[in-house]
Structures are given as structure tokens and as C-alpha cells.
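Residues per chain, in single letters:
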Amino acid sequence: MTLVVFDETAEETLTTALDARPWDVVVVGGGIRKTEALLPLFERIVNLIRRHAPQAAIAFNAHGGDSVDAALRLL
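Definitions and cut-offs
Residues numbered from 1 in each chain as written. Predicted model: local features only at pLDDT ≥ 70, side-chain atom pairs only at ≥ 80, totals over all residues. Heavy atoms only, no water. Helix = DSSP H or I, 4+ residues; strand = E, 2+ residues; numbered from the N terminus. Buried < 20%, exposed > 50% of the residue type's maximum accessible area, 1.4 Å probe, protein only. Contact = heavy atoms within 4.5 Å. Core = buried A, V, L, I, M, F, W, Y, C linked by side-chain atoms within 4.5 Å. Polar contact = N/O pair within 3.5 Å; in protein donor to acceptor, adjacent residues only side chain to side chain.

### Some details on the environment of I49
Link 1 in the chain: Structurally, I49 is set in helix α3 (residues 39-52).
Link 2 in the chain: Judged by its relative accessible area of 1%, I49 falls in the buried class.
Link 3 in the chain: Spatially, the C-alpha atom of I49 lies 15 Å from that of A71, the residues being 22 residues apart in sequence.
Link 4 in the chain: With sequence-adjacent residues up to four places away left out, I49 is seen in contact with L18, V26, V28, P54 and I58.

### Some thoughts on the nonpolar core
Link 1 in the chain: With 16 residues, the main nonpolar core has L18, W23, V26, I45 and I49 as its most contacted residues.
Link 2 in the chain: Contributing elements (two or more residues each) for this core: α1 (10-20), β1 (25-28) and α3.
Link 3 in the chain: Sorting elements by how many residues they give to this core places α3 first, with 5 residues.

### Concerning the side chain of T15
Link 1 in the chain: Tracing the sequence through the fold places T15 in helix α1.
Link 2 in the chain: If we skip the residues at most four places from it in the chain, T15 touches L48 and H52.

### What to know about the side chain of N61
Link 1 in the chain: Position of N61 among the secondary structure elements: in the loop between β2 (57-60) and α4 (67-74).
Link 2 in the chain: Among the residues examined, N61 registers a relative accessible area of 6% and is labelled buried.
Link 3 in the chain: One polar contact links the side chain of N61 to the main-chain amide nitrogen of G30, over a distance of 2.8 Å.
Link 4 in the chain: At a separation of 3.2 Å, a polar atom in the side chain of N61 contacts the main-chain carbonyl oxygen of H63.
Link 5 in the chain: Residues contacting N61, with those up to four places away along its chain left out, are V27, V28, G29, G30, R33, D66, S67 and A70.

The values reported here are purely geometric and, on their own, carry no functional implication.
So this is what it looks like as C-alpha cells:
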């Protein structure tokens, strides 16, 4: 799990995590997706996943408690 702070460190933090190992699935949290003000960050995150983990499925959770279920849907 990688927690992303909504500041200038977000992209570097995520890129470091994505490059650390191969990923089968990456779950993007509802806190990023559902907050209209974070739409530009959400777009950057999806594109970073595509570039740094192109083999990974992208899943979306509704809240932190269903992240495993979200990943399992795509495994």
C-alpha cells in the first residue's frame, strides 16, 4: 500500500512505489477518485500506472475497507 499526500510529492511517491516491483493490480482509492478537486491528480495517477506498471490491472475501491475486494475482482 502506498499512501499519497495531495501535494507536490504525490507523483514521485507513486512512481517510486510502482517501480519497486511488478504489480498485478493497482487499486486507486475513492478518496482520490471521488473528490472533484483532485480530478487532475486522479488523471496523473492513472497515467503513471499505465507508464510504470503497464501489465497491472487498475481497480477502484469505494473505501479503504474494500481494497482487497477491489483487487480480487481483477485477479
